[in-house]
Structures are given as C-alpha cells and as structure tokens.
Amino acid sequence: EPEVTQTPSHQVTQMGQEVILRCVPISNHLYFYWYRQILGQKVEFLVSFYNNEISEKSEIFDDQFSVERPDGSNFTLKIRSTKLEDSAMYFCASTSGSTNTQYFGPGTRLTVL
Amino acid sequence: SQKIEQNSEALNIQEGKTATLTCNYTNYSPAYLQWYRQDPGRGPVFLLLIRENEKEKRKERLKVTFDTTLKQSLFHITASQPADSATYLCALEMNRDDKIIFGKGTRLHILP
C-alpha cells in the first residue's frame, strides 16, 4: 500500500540554524499538509499546499517557515532560524482530493539545542 | 475558534469489553468528523470518517456515532484487545480537504 515517507526520522540542530524537513507524499495526491506535535501536546496544523501554492497557514507558520514542492515528488518544510520552541515531531500528510482521508507520514523528530 | 474536548485523558478497559471514547466540540459542526489512532512516536493513522448528515458508521470492531445537536461523537471498540492500546484522536475537518483540527486524544489501555 502506498505511504507517505519523511526524512530524516530525527534531526538535531543548534538554535539559529536552518533545517529542511523532507516528505514524499503519495504519488497521485494533490493536497499536502504539515502538522507538528510538541511532546505531550496535540497535533497542530501548520500549513496546507495545493496547486503549487499555500492554501492556508496557521499563526504558528510565521516568516521563519516556508514550504516548497521543488519537483513532482518532494514536499519540504524549511525553518530558517530554529528556536528552542521549534522542537517537536513534524508530520507531513497528503490526500488525493477524491476522498477526505489524510495519510500521515511517520514524522521527523526535530530537536533544537 | 473551534475547540475539541476528549474528556478522558486515559482509559483502562478489560480485554473483551467495549471501550467507548467521547469527543465534544464547540461552535458549529464540521462537515466531517474523523477518528485517528496514534502509537507512541508515530504519525496518526486514519480509522473512520463520519459526515455531518450521518448518525453512525461501522468498520469491523469499530463504531462511530455523530450527534450534531449534542455536538458529540462517540467512538466504540467492541471485543477490545491489548493490541488496541493506543492514543485515539478525534479530529474535525470543517470543509472538504481543509486542515484537520485534532483533539488532545485519549490514551486507551486494554488490560489483559
């Protein structure tokens, strides 16, 4: 069964550094999402992406964050200058648009020191 | 803004019994209400979706009900097994292909 993949599984970085989290959504899917989950808290929406542009973003998704679909398969989340409070699990999700099911990847654990 | 309450942080159920989890929300009803399973350190896994004009949905040992008057959904696992132990997330999708708004989840422990 097709699945969403994410790399790396764990990223450790110093505060102020840039990180890029990568996702490969399911191949025929059209809608892409990033969510994050701080340890012990709920899963929170960051941004949705459709037709090569952001369709919605949350207040968490400030100028330090950006998303890109550089080719037909990858979907990336960049954090320009990481802060301690960016430490969380980041989940990518995708959906085809013909059903409502969002398929989530296994997540990238980001640790900012 | 929309708030979701899953009113048990943790629930212990004896193996073989039915586990019932509750989800309440404020404000207006979503077009779609969903339930996900999340295991520690893993991403949410979709289980069931119910539309605002549906009252009940079943899939194998799972059953979801949706009452838009009470603004509540109930999630049932019948004949529960230790392998059902996980965190179960209630999630609202206000419109199709919209972002998902998650509740905090209920940690379910099925005791052998």
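Rules and cut-offs
- Residues numbered from 1 in each chain as written.
- Chains lettered and ligands numbered in written order.
- Predicted model: local features only at pLDDT ≥ 70, side-chain atom pairs only at ≥ 80, totals over all residues.
- Heavy atoms only, no water.
- Helix = DSSP H or I, 4+ residues; strand = E, 2+ residues; numbered from the N terminus.
- Rg over C-alpha atoms; globule rule 2.2 N^0.38 Å.
- Buried < 20%, exposed > 50% of the residue type's maximum accessible area, 1.4 Å probe, protein only.
- Phe/Tyr/Trp six-rings, centres within 6.5 Å; stacked < 30°, edge-to-face > 60°.
- Polar contact = N/O pair within 3.5 Å; in protein donor to acceptor, adjacent residues only side chain to side chain.
- Contact = heavy atoms within 4.5 Å.
- Salt bridge = Lys/Arg side-chain N within 4 Å of Asp/Glu carboxyl O.
- Pairing = 2+ DSSP bridges.
- Buried area = accessible area lost by both parts, 1.4 Å probe.
- Core = buried A, V, L, I, M, F, W, Y, C linked by side-chain atoms within 4.5 Å.
- Disulfide = S-S within 2.5 Å.

**Quick notes on the overall build of chain B**
Part 1: Scanning chain B for helices and strands turns up zero helices and 11 strands.
Part 2: Order of helices (α) and strands (β) in chain B, N terminus to C terminus: β-β-β-β-β-β-β-β-β-β-β.
Part 3: Its C-alpha atoms give chain B a radius of gyration of 13 Å, near enough to 13 Å, the size a compact globule of 112 residues would have.
Part 4: Viewed in the frame of its principal axes, chain B has a C-alpha envelope of about 40 × 30 × 20 Å.
Part 5: The proportion of buried residues among the 112 residues of chain B is 47%.

**Quick word on the packing of aromatic side chains**
Part 1: Scanning the model with the defined rule gives 16 aromatic pairs over all chains in all.
Part 2: Both rings, one in Tyr36 of chain B and one in Phe46 of chain B, keep their centres 5.8 Å apart while their planes meet at 75°; by these two values the pair is edge-to-face. Placement of the pair is Tyr36 of chain B in strand E4 (residues 32–38) and Phe46 of chain B in strand E5 (residues 45–51), with a sequence separation of 10 residues.
Part 3: Judged by its relative accessible area of 0%, Tyr36 of chain B falls in the buried class.
Part 4: According to the relative accessible area criterion, Phe46 of chain B is partly exposed, its value standing at 22%.
Part 5: A network of ring pairs unites the aromatic residues Tyr33, Tyr35, Phe45 and Phe104 of chain A together with Tyr36, Phe46 and Phe102 of chain B as a single cluster.

**Thoughts on the side chain of Gln6 of chain A**
Residue and element names in this part refer to chain A.
Part 1: Mapped onto the elements of the fold, Gln6 is located in strand E1 (residues 5–7).
Part 2: Among the polar contacts listed, one links the side chain of Gln6 to the backbone oxygen of Tyr90, at a separation of 2.9 Å.
Part 3: At 3.0 Å, the side chain of Gln6 forms a polar contact with the backbone nitrogen of Gly107.
Part 4: Gln6 has contacts with Arg22, Cys23, Trp34, Tyr90, Phe91, Cys92, Gly105, Pro106, Gly107 and Thr108, leaving out every residue within four places of it along the chain.

**Things to note about the pattern of salt bridges**
Residue and element names in this part refer to chain B.
Part 1: Applying the stated rule across the entire model yields six salt bridges over all chains.
Part 2: A salt bridge links Asp84 to Arg61; the nearest nitrogen and oxygen atoms lie 2.9 Å apart. On the criterion of sequence distance, the pair formed by Asp84 in the loop between strand E8 (72–77) and strand E9 (86–93) and Arg61 in the loop between strand E6 (56–59) and strand E7 (62–67) is long-range, its members being 23 residues apart.
Part 3: According to the relative accessible area criterion, Arg61 is partly exposed, its value standing at 25%.

**As for the pairing of strand E4 (residues 31–37) of chain A**
All names here are of chain A.
Part 1: Where burial is concerned, most of E4 is hidden: seven out of the seven residues are buried.
Part 2: Across the two faces of E4 the burial is the same, with Tyr31, Tyr33, Tyr35 and Gln37 and Phe32, Trp34 and Arg36 all buried.
Part 3: Here six bridges tie E4 to strand E5 (residues 44–50), and the two strands are oriented antiparallel to one another. Pairing of Phe32 across the sheet is with Phe49, part of E5.

**Some details on the interface of chain B and chain A**
Accessible area lost when the parts come together is the quantity often used to give the size of an interface.
Part 1: Across the contact, 21 residues belong to chain B and 21 residues belong to chain A.
Part 2: The contact between chain B and chain A buries some 1700 Å² in all, and 49% of this surface belongs to carbon and sulfur atoms.
Part 3: Three residues, Asp97, Lys99 and Phe102 of chain B, lead the burial of chain B against chain A; their summed loss comes to 34% of the area buried on that side.
Part 4: On the surface where chain B and chain A come into contact, there are one salt bridge.
Part 5: For Lys99 of chain B, the salt bridge goes to Glu56 of chain A, with nearest N and O atoms at 2.6 Å.
Part 6: In this structure, the connection of chain B to chain A is made through four residue pairs in polar contact (both at pLDDT 80 or more).
Part 7: For the side of chain B that touches chain A, the element with the most residues is E4 of chain B, which contributes four residues.

**Concerning the nonpolar core**
Part 1: Counting residues in each nonpolar core, the largest one holds 25 residues, and the members touching the most others are Leu21, Leu33, Trp35, Phe75, Ile77, Tyr88 and Leu108 of chain B.
Part 2: Excluding residues within four positions of it along the chain, Phe75 of chain B makes contact with Ala19, Thr20, Leu21, Trp35, Leu47, Leu62, Lys63, Val64 and Tyr88 of chain B.
Part 3: Val4, Phe49, Phe65 and Leu110 of chain A belong to the second-largest nonpolar core, a separate cluster that totals 22 residues.

**Focus on the state of the cysteines**
Residues and elements named next belong to chain B.
Part 1: Under the defined criterion, the tally for this structure stands at two disulfides over all chains.
Part 2: Sulfur-sulfur distance for the disulfide between Cys23 and Cys90 comes to 2.0 Å. Of note, the bridge from Cys23 to Cys90 carries an S-S torsion of about -65° and is left-handed in sense. On the criterion of sequence distance, the pair formed by Cys23 in strand E3 (residues 19–25) and Cys90 in strand E9 is long-range, its members being 67 residues apart.

By themselves these figures say nothing about function.
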